[in-house]
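Fold and contact review
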Amino acid sequence: MFFQRKKYILLTLFISLSFYAQKSSISSYKIDYNILFNGEALLDEGIASLKQNYIENHWEILPVIEGFNFSITNSSPTEFFKIPEEKAIKAIQKSNKKDVIVRDRAYLLLGKSRFYDQRYISALQAFNNIENSLFVREYWKSLVYMTIDQNELAFKTIQKGLNYKSARNEEKKSLNLALIQYYINNENYDKAVKSLVKFLRSKNDKKLKARLNYILAQIYFEKKNYEKAKGALKNTISSGINKSDNLILWSKLIYNNLINSPDYNLFKKLIRSERYRQNISLINYFNAKLILNTDLKQAEHLFSNALLSNKIDITLKSKIYVELYKINMSKKDYLLASKYLDSSLLYLDSSTLKYFRLNRTKNKIKEVVRIEKENKILDSMIYVNSLSENERTKYL
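This section reports on the structure supplied with the text.

Looking now at the overall build of the protein. In terms of regular secondary structure, the protein is built from 18 helices and zero strands. The burial tally for the protein puts 42% of its 396 residues in the buried class. Taking the contacts inside the protein whose residues are at least 6 apart along the sequence as the reference set, 57% of them involve residues at least 24 apart. When the accessible surface of the protein is summed, it comes to about 24,000 Å², and 52% of that surface belongs to carbon and sulfur atoms.

It is worth spelling out the environment of Leu175 at this point. Mapping Leu175 onto the fold places it in helix H7 (residues 169–185). If near-sequence neighbours (up to four positions away) are discounted, Leu175 is found in contact with Phe135, Glu138, Tyr139, Ile158, Gly161 and Leu162.

A few words on the pattern of salt bridges. In the structure shown here, the tally under the stated rule is 15 salt bridges. Among the salt bridges present, the one from Glu323 reaches Lys289, with a minimum N-O distance of 2.9 Å. Residue Glu323 is found in helix H15 (residues 314–330), and its partner Lys289 is found in helix H13 (residues 280–291); the two are separated by 34 residues along the sequence. In this structure Glu323 comes out as buried when scored by relative accessible area, which is 6%. In this structure, a network of salt bridges that share partners links the residues Glu85, Arg114, Asp117 and Arg119.

Our focus in this paragraph is the nonpolar core. Among the nonpolar cores identified, the biggest contains 105 residues, and Tyr116, Leu212 and Ile320 are the most heavily contacted of them. Ranked by residue count, the leading element in this core is helix H9 (residues 206–222), at nine residues. Setting aside its immediate chain neighbours within four residues, Leu212 contacts Val64, Leu177, Leu196, Phe199 and Leu200.

On to the side chain of Asn328, then. Position of Asn328 relative to the elements: it lies in helix H15. Leave out the neighbours within four places in its chain, and Asn328 touches Glu300, Asp333, Leu336, Ala337 and Tyr340.

Turning our eyes to something else, we now look at the packing of aromatic side chains. The geometry of an aromatic ring pair is captured by two quantities: the separation of the ring centres and the angle between the planes. According to the stated counting rule, one finds 20 aromatic pairs in the structure shown. Where Trp59 meets Phe286, the ring centres are 6.5 Å apart and the plane angle is 0°; that geometry is what we call stacked. Placement of Trp59 in the loop between helix H1 (2–52) and helix H2 (78–94) and of Phe286 in helix H13 is noted, with a sequence separation of 227 residues between them. With a centroid separation of 5.9 Å and 55° between ring planes, the pair formed by Tyr285 and Phe303 is classed as tilted. Pair noted here: Tyr285 is in helix H13 and Phe303 is in helix H14 (residues 296–308), with a separation of 18 residues, a long-range link. Given a relative accessible area of 6%, Tyr285 falls into the buried group. Clustering of aromatic rings is evident, with ring pairs tying together Phe80, Phe81, Phe115, Tyr116, Tyr120, Phe127, Tyr139 and Trp140.

For helix H6 (residues 151–162), with 12 residues, the first-to-last C-alpha span of 16 Å sits near the 16 Å given by 1.5 Å per residue. Taken as a whole, H6 has its buried residues at Asn151, Ala154, Thr157, Ile158, Gly161 and Leu162. Buried positions in H6, seen along its axis, are confined to an arc of 135° and lie on one side of it. Taken together, the buried residues of H6 touch helix H5 (134–147) and H7.

Right, let's talk about helix H3 (residues 100–116) for a bit. For H3, spanning 17 residues, the distance from its first C-alpha to its last is 24 Å, which sits close to the expected 24 Å at 1.5 Å a residue. With 13 of 17 residues buried, H3 is to be regarded as a mostly interior element. Where H3 ends, the next residue or the one after it, Gln118, has phi of about 65°, a positive value.

What counts and what doesn't
Residues numbered from 1 in each chain as written. Predicted model: local features only at pLDDT ≥ 70, side-chain atom pairs only at ≥ 80, totals over all residues. Heavy atoms only, no water. Helix = DSSP H or I, 4+ residues; strand = E, 2+ residues; numbered from the N terminus. Buried < 20%, exposed > 50% of the residue type's maximum accessible area, 1.4 Å probe, protein only. Contact = heavy atoms within 4.5 Å. Areas by Shrake-Rupley, 256 points an atom, 1.4 Å probe, with all protein chains shown as cover. Salt bridge = Lys/Arg side-chain N within 4 Å of Asp/Glu carboxyl O. Core = buried A, V, L, I, M, F, W, Y, C linked by side-chain atoms within 4.5 Å. Phe/Tyr/Trp six-rings, centres within 6.5 Å; stacked < 30°, edge-to-face > 60°. Expected span 1.5 Å × (residues − 1). Arc of directions from axis to C-beta.

Right under this line is the structure:
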C-alpha cells in the first residue's frame, strides 16, 4: 500500500512537471512568434526607412559597418521604434527567467530599438542584460560607445568579446569590423589598413568586400599612398556588385582622375547612362577637375553647370564654389572670387579647420577688394583732373 501510494505521488509529480514544462514551452513559443517575431519585423521596417532617407557621405571615410550612422543623421526616428520597444518589454515581462534564449532575443530587440531611436544609454542598459549571446552583446555595446564618442570603452568591449574562448571565426567577424571602425575613429590608419587587408583575405560577400576596398582606398588617400589607393579602387570596380551602386560610380570617377592615361570620354558615358541621372553634378565636377590645368574655360563652365542641378549635396556645392574662387583669383577678379568664397563658407561647418582657413582667406581678400576699389576711385580722380575743363564737362 505504501509503495503504491508513493508510486502514485511520483506519477502525479511527473505529470505536473511535464504539464508545467509544456505550458512553459507553449508560453515561450507564443512570445517567440506572437511578440518577438512581430517586433523584429517592425524594427527591420524602421531601419529600412532610415536607410531610405540616409545619404552616405563619400567625401569622408565611410563607416565600416553599413548603417552605423543611420540613427545619427535622422532627426526624429522615434515613430519607427516605439512599437518594437514595446514588444520587447512585453516579451521580457511575459517570459520565464529561465528562458534565456527568449529573453536575450527580447533584450537585443529592446537595445536595438533604443539605439536607432538615439537613446544610447538606455540601449546600453538593455544590451547589458543579454546573458548568453556574448558576442552580440559586446558588438552592440561597442557600437553604442563609439556613437557617443567613448572610443576607449568601445575598444575594451571589443577586446573582451574577441577574448572569449568559445569565439568562432564567424562570430569574430562583426567584432573585427567594430575594431577597424575604432582604429579609423582614432585615426590610427596603419592598424586600420593592416586589419582591413587581413579581413579582406577571408571569405566575405562581394558587397562587403567592395565597401571595405573603397574604405581602404580612402585611407590610402589620407596616407597619400595613391598607388595603393588605385589598386583598392580597382578592386571595388571589379567586385561584381550592382553597377548602379554609388560605390562603383565614385570608384570609377576617382580612379579615372588618378591614372596617367585617363578616359576623357568616361564622363559622357556616365551621364548618358540611366543609372547615374541623379549624379550629373558629381560627374561634371570630376570632369572639370581633370581638365582644370588644360582647359580652364571649359572647367569653369562645367563647375557652373554642376551648381544648376537640384540633386547636389552641400559638400559638393562648397567644393565647387572653392574651385570657382580659385579660378577667379587666377584671373585677378578679386570681387567675384570673394563672392564665391562667401558662398562656399555657407555650406561648411563653422567649427572645422577648413572653415577657419577659408574664412581667414576671405577676410584678406576683402581687404584686397577694398584697396582695389580705392585705387580705382583714385585713378578715376587723377584721370578727371588731367582733363581740360571742356573735356571734364563732357566726361561728367
